[in-house]
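Examination of the molecular architecture
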Amino acid sequence: MSPRKSKRQVRSVGRAAARRVIGAARHQFFTHGFRSVSMDDLAAELGMSKKTLYACFPSKTALVEAVLKDKVGEIEADLKQLAKKQASDVEAALHQFLSCLQRHTAEIQPTFIRDIGRETPELFQLVEQRRRELIRGYFGALFENGKKAGRIRTDIPTHLIIEILLGSVQAIMNPSKLAELNLTLENGYSSIIRVILEGAFVSKPQR
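Everything quoted here is computed from the prediction, not taken from an experiment.

**Considering the side chain of Arg-131**
For Arg-131, the position within the fold is in helix α7 (residues 121–148). Under the relative-accessibility criterion, Arg-131 is labelled buried at 16%. Of note is the side chain of Arg-131, whose polar atom sits 2.3 Å from the side chain of Glu-128. When near neighbours in sequence (up to four residues on either side) are disregarded, Arg-131 contacts Val-169, Gln-170, Met-173 and Tyr-189.

Written out as structure tokens, the structure reads:
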């Protein structure tokens, strides 16, 4: 076996191990929160030594960062696919976007959001930033297409609709407010988006 081939195999094994760790951590963190899941728990679940686990990710914070990047990348890939085949019916496209976000947020429990907000505020800010970028990019393009099709109100600037949406999401999508309103992340997102965005649609003429 050539040294070059051997190195490629080692890198491949390393990537495969990292993917296994991310998959297990993603389920455990999103379900039970960041604080209550230890690296020992993950190593035991994976049947992996802690030495191997720490070789993949040097700290728990590094692992949760990898989990978040994996999740955001998956959301963006799904939104990108929907945008490519965006229906000429703007309302249908909006519902597809909403279904995508609902499916992804259903995986994350409020405990996880609470924990990263307390334990790793820099990662929480990263999540907030990426969320804003995705909403501005994908929903902004949808609104612009909707205006051209005569389905989205033209008297409200697209950037203003987006900022109202982002402000509402930021105000409500935190663990204490969700608990107060008896909402899950999933129905919280969908409710906010529906209320705001449906108000942006031009009313269909009565027959």
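Don't stop here, the text continues.
**Focus on the pattern of salt bridges**
A complete count under the given rule lists 15 salt bridges for this structure. The structure contains a network of salt bridges with shared partners spanning Arg-19, Arg-26, Asp-70, Lys-71, Glu-74 and Glu-107.

**So, empty space enclosed by the protein**
The gaps of empty space that remain are located by a probe, the size of a water molecule, rolled over the atoms. All chains considered together, the criterion is met by two cavities of 30 Å³ or more. Quantified by volume, the largest cavity comes out at close to 400 Å³. Lining the largest cavity we find 22 residues, and of these Ile-75, Thr-105, Val-127, Arg-131 and Tyr-189 sit closest to its centre. Secondary structure elements with two or more residues in the lining of the largest cavity: α4 (60–84), α5 (90–105), α6 (110–119), α7 and α10 (185–198). For the lining of the largest cavity, the leading source of residues is α7, giving seven residues. Here the lining of the largest cavity is composed, by residue class, of 16 nonpolar, two polar and four charged. What the second largest cavity holds in volume is close to 40 Å³. Taken together, Glu-128, Arg-131, Arg-132, Leu-166, Val-169 and Gln-170 form the lining of the second largest cavity. Counting only elements with at least two residues in the lining of the second largest cavity, the list comes to α7 and α8 (158–172).

Definitions and cut-offs
Along every chain, residues carry numbers that run from 1 in the direction the sequence is written. Totals for whole chains, interfaces and linings use all residues, but because this is a predicted model, local features are given only for residues with pLDDT of at least 70 and pairs of side-chain atoms are given and counted only at 80 or more. Side-chain numbers here rest on the full set of heavy atoms in the structure, without hydrogens or water. Put simply, DSSP marks the helices as runs of H or I at least four residues long and the strands as runs of E at least two long, and each gets a number from the N terminus on. Using a 1.4 Å probe on the protein chains alone, a residue whose accessible area is under 20% of its type maximum counts as buried, one over 50% counts as exposed, and one in between counts as partly exposed. Under the rule applied, a polar contact is a pair of N or O atoms within 3.5 Å (in protein, one hydrogen donor and one hydrogen acceptor; residues adjacent in sequence only if both atoms are side-chain atoms). Two residues qualify as a contact provided that any one of their heavy atoms is within 4.5 Å of a heavy atom in the partner residue. Each reported salt bridge corresponds to a side-chain nitrogen of Lys or Arg within 4 Å of a carboxyl oxygen of Asp or Glu. Throughout, the protein atoms alone are placed on a 1 Å grid, and a set of points is a cavity if a 1.4 Å probe fits but cannot get out or a pocket if it is open with protein on both sides within 12 Å along at least five of seven lines; lining residues have an atom within 4 Å of a point. Grid points are joined across faces, edges and corners, and a volume is the space filled by probe spheres set on the points. Note on residue classes: Ala, Val, Leu, Ile, Met, Phe, Trp, Tyr, Cys and Pro are nonpolar, Asp, Glu, Lys and Arg are charged, and everything else, Gly too, is polar.

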